[in-house]
Structures are given as C-alpha cells and as structure tokens.
Amino acid sequence: MAKPYVMHGWHLSFFSGKTRAYLRYKGVPFVDHPVDALTLMWKIPRKTGAAVMPVVVTPEGEWLQDTTDIAEEIERRFPQAPVTPATPRQRIAALLLEAWADEWWIPPAMHYRWIYPENYKLFERDSGDGLLPWFPRAVKNRLAAYVANKMRGYLPAVGVVPEQRAVMERWTEDMLDVLDRHFATLPFLFGTRPSVADFGLIGPMYGHLGRDPWPKQHLVGPRPHLKAWIERMNAPQAGSGEFLADDAIPETLRPLFDAVFGEFYPMVEGIRDEVQASLRAMPPGRARLPRALGMIEFPMGKGRFSRAAMPYTLWMVQRVLDAYRALSAQDQAGVDAWAAALGAPQAMRLDLGVRLKRMGLHVKVER
Ligand SMILES: N[C@@H](CCC(=O)N[C@@H](CS)C(=O)NCC(=O)O)C(=O)O
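Every value quoted in this text rests on a predicted model; they were computed, and no experiment measured them.

Rules behind the numbers
Residues numbered from 1 in each chain as written. Predicted model: local features only at pLDDT ≥ 70, side-chain atom pairs only at ≥ 80, totals over all residues. Helix = DSSP H or I, 4+ residues; strand = E, 2+ residues; numbered from the N terminus. Buried ≥ 20, exposed ≤ 12 C-beta atoms within 10 Å, placed from the backbone. Contact = placed C-beta atoms within 7 Å. Near = placed C-beta within 6 Å. Domains from an automatic or database assignment. Nonpolar A, V, L, I, M, F, W, Y, C, P; charged D, E, K, R; others polar. Pairing = 2+ DSSP bridges. Axes fitted to C-alpha atoms, helices over the stretch in contact; angles between N-to-C directions. Parallel < 35°, antiparallel > 145°, perpendicular 65-115°, else oblique. Left-handed = near helix turned anticlockwise from the far one by under 90°. Core = buried A, V, L, I, M, F, W, Y, C linked by C-beta atoms within 7 Å. Arc of directions from axis to C-beta.

A. Quick peek at the overall build of the protein. Regarding its fold elements, the protein presents 14 helices and 8 strands. Dimensions of the protein, computed from C-alpha atoms along their principal axes, come out at roughly 60 × 50 × 45 Å. Relative to its 367 residues, the protein shows a buried fraction of 40%. When contacts within the protein are restricted to residue pairs at least 6 apart in sequence, those whose partners lie at least 24 apart make up 74%.

B. Structural detail: the site of the ligand. Lining the immediate surroundings of the ligand are S13, F14, F15, V52, M53, D66, T67, T68 and L361. Broken down by secondary-structure element, the contributors of at least two residues to the shell around the ligand are helix 1 (14–26) and helix 3 (67–77).

C. Expanded view of the domain arrangement of the protein. When cut into domains, the protein gives domain 1 (5–77), domain 2 (88–247) and domain 3 (252–365). When each unit is reduced to the centre of its C-alpha atoms, the spacing between domain 1 and domain 3 is 26 Å. Between domain 1 and domain 3, the residue contacts involve 7 residues of the former and 5 residues of the latter. Residues belonging to the side of domain 1 that touches domain 3 are distributed by class as follows: 2 nonpolar, 4 polar and 1 charged.

D. Geometry of the environment of M7. Take M7: it is sitting in strand 1 (residues 5–8). Spatially, the C-alpha atom of M7 lies 8.1 Å from that of P34, the residues being 27 residues apart in sequence. The residues touching M7, leaving out its near neighbours within four places in the chain, are T19, R20, L23, F30, D32, H33, P54 and V56.

E. Looking closely at the sheet that holds strand 2 (residues 30–33). Reading across the sheet, the 4 strands line up as 2-1-3-4 and stay open at both edges, with mixed pairing between neighbours. Each edge of the sheet is formed by a strand with only one pairing partner; in this case those strands are strand 2 and strand 4 (63–65). Averaged over all pairs of adjacent strands, the angle between their axes in this sheet comes to 20 degrees, without regard to strand direction.

F. Spatial organisation of the packing of helix 1 against helix 9 (residues 196–211). Where helix 1 contacts helix 9, the two axes come as close as 7 Å, and the packing angle between them is 120 degrees. It follows that helix 1 is oblique to helix 9 by the angle criterion. When you trace helix 1 past helix 9, the crossing you get is right-handed. The residues of helix 9 that touch helix 1, namely those facing F14, F15, G17, K18, A21 and Y22, are F199, G200, I202, G203, P204, Y206, G207 and H208. Of the residues in the contact of helix 1 with helix 9, the class split is 8 nonpolar, 5 polar and 1 charged.

G. Spotlight on the nonpolar core. Formed by 86 residues in total, the largest nonpolar core has its most connected members in L96 and L97. Those residues in contact with L96, other than ones at most four positions away along the chain, are V260 and V320.

H. Structural detail: the pairing of strand 7 (residues 356–359). Pairing analysis gives 4 bridges linking strand 7 to strand 8 (residues 362–365), with the strands arranged antiparallel. Its bridge partner being in strand 8, L356 is matched across the sheet by V365. Taken together, strand 7 and the strand that follows it, strand 8, pair antiparallel across an intervening segment of 2 residues, in which G360 is found at a positive phi of about 60 degrees.

I. Structural detail: the pairing of strand 6 (residues 303–308). Pairing analysis gives 6 bridges linking strand 5 (residues 295–300) to strand 6, with the strands arranged antiparallel. Each residue of the ladder has a partner; that of F298, found in strand 6, is F305. Between strand 5 and the antiparallel strand that follows it, strand 6, lie 2 residues; G301 among them carries a positive phi value of about 55 degrees.

J. Molecular detail of the environment of R165. By secondary structure assignment, the location of R165 is in helix 8 (residues 165–183). What makes R165 partly exposed here is the crowd of 13 C-beta atoms within 10 Å. When the C-alpha atoms of R165 and H111 are compared, they prove to be 8.2 Å apart, with 54 residues separating the residues in sequence.

K. Quick look at helix 3. Turning to helix 3, its buried residues are T67, T68, I70, A71 and I74. In a view along the axis of helix 3, the buried residues occupy a sector of 155 degrees, so they form one face of it. Residues of helix 3 that are exposed and point over 90 degrees away from its buried face: R76 and R77. Of the surrounding elements, those touching the buried residues of helix 3 are helix 1, strand 3 (55–57), strand 4, helix 9 and helix 13 (311–325).

Have a look at this one:
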C-alpha cells in the first residue's frame, strides 16, 4: 500500500480542524496524528520555521505548513472536486469568507474556550495526552497547565478583556443565528459541496465552539442546523456535491458579507496602517514584520472592538485580491457589481500598501 499523508494536529486546534475536514472531503489517505512535544517544539520548527499546527507530511516526506498552502498542494495532487469555486463571484466570495473565518473568528473562539472553566478538563486531557503520550498523568497535567497559562496570556492581545465581552458574545450569537438559518436551507455555504469558506469556518466551529463543553452546550446545541453542518463537515462524502448554478450567492449569506465589508475590512485597514507605521520605524534591510503590532479598533456589531494588528491577516487578504486580479475584465466587473450591491463597490481595490510574502507564521515585505 502507498504511504499515507500524515497530519500533525489536535482536535483542540482551530486550524487543525480546518485541515482535517478538508483532507476528509478530498478523500486523501491520511493518518491523523496528535502533535507531541518533540514534534511541535523540534521537528516542525526545523522543517517549517515555526512551532505550529497543523502540518501535513506528504508520502515523499515534504512538510507542508499553513492551511492555505496545504490545501493548494493537495488540490494539485487531488484535482477532483475542487474546493475553490471556478466561477468569479463564488470564487472571490469564498476566499473572502475563508480569510474572515481564519482571522476574525480567533477572538470569539479563544474567548469561549478560556473564559468558561468547564472547558478546562478536556483541554488538560487532550493537550497532555498529545504532548506527552508516554508520561504519567501528573506530568501531563503540569505541562497542560503551562500551555494553558501561555494561551491565557494571549487573551488581552486578541481583545478578550472584560470590557469587550458583551459586544463579542452578542456578535457571536447573532452570527451563529445567521449560520443556523443558512444551513437550514443548504448543506454548505455555496451549495451541496463544501468550499474553502466552509473549511475556514469549521476552524472556530469545531474545536472551540463545537467541541469545548460550554459553547457546545450553550451555543451550538440550540442551533440544530449549525450543529448538523459541523457534523457533516467532519464526516463528508468525499468529493460529493456541487456549487450552486449560475454563480449564485445565497441571500442567507448576506449578513456574513455585511460583516466582511463593514467590520473585517476596517480591521484590515487598521492593520495596514499599523504596518505602514512600523515600516517607517523599521531599520533598513529588515523585512520580516513582527507577528503582532499595536492595538487597532473597528466596528463589531453595534459596538466597537479592539485587538492587536496581525500583519499575517493582510497576506490572507492579498490572496483574495490576487485571485480577483487574475480574473478577466468581464469577470472582475461581475464581482464588482456583486460587491456594489452589498454597499462595497471599491472592495476589490483595497490598497494594502505593501506586497507580502509568508514565512511560517510571519510575513515579510517584498520591496
Ligand atoms: N495561518 C496558519 C495558522 C496556524 C495556527 O495559528 N495554528 C495554531 C494552532 S490552531 C498554532 O499552532 N499557533 C502557534 C502560535 O501561534 O505560535 C494556518 O492557516 O495554518
């Protein structure tokens, strides 16, 4: 038998949930391997430049990192049932939702995991078993506590602070209602086939909101269509389904695009401005940006939210704008008309101010 692919990741991990669901849909033969401490702290950094999950090792021994790069390579190797729609509006819409799901949803995911203590037992067990599979429970628990403290240390930078709790919980519940209504009408975001947008969104919806006990019971439990979608995403019929005909974008997704253009875009512009300020202060010859810059503020629902600017997010948006630029003039006009109908006629002309290259979890400026 051919050697399988290996995914190093955890069920707890936001981005591992994205790649796991994707590999299953593509019918890729893979081993789902929990990351142990040696792999996370030594092998993965040596191969990819960052202590990160998920990572996929190909049968030839190539180490793929970043969920987008993993999917790009797997799409090349398994071209049946592509997960990026071929038609222009669905294509751009799906890439936008992927970027939004990956980047915007990190604060609510972290909030619901770390604010409700009933989630800790599962984190302690899974992370301990993952990191130190052969060790006694007490040692596992000690390391789990160390990692948990580190994660809690990131909360203020992602905006998880008491003053922002009400606005974020309100926002999340409203958005989950929107998703529940949508999945009552369609199995996936753009039809009967999952797209990169579905895989992005399963990131927060699986490990954090769909599996941690508090959000599982209080957020996902009461929303049966959302719950069924999470289950479908993890037990897909490989390669099945189609995107909606005629490049249609379901009306039930409209509130998601209102959020993309009305909230995520201002966040991206805030990051862009922070990047510009940091470039002015950066010594010549340095190109790699810090992972996080200063705090930025932007709309969230009826309120405002602030968190640290992550330059990586600009790279995710650059991918969307590149996909738009690769379209014919006629297809671009179709996308513009769609964005204009959502009140964002200039959306595809967003100026990011820099051209970025990804390096592990960092980005560097191409001058
Ligand atoms: N953009 C990356 C994000 C990966 C990521 O942030 N993974 C988390 C676990 S869900 C991690 O390992 N983080 C380590 C860190 O942030 O230093 C991807 O799409 O793969």
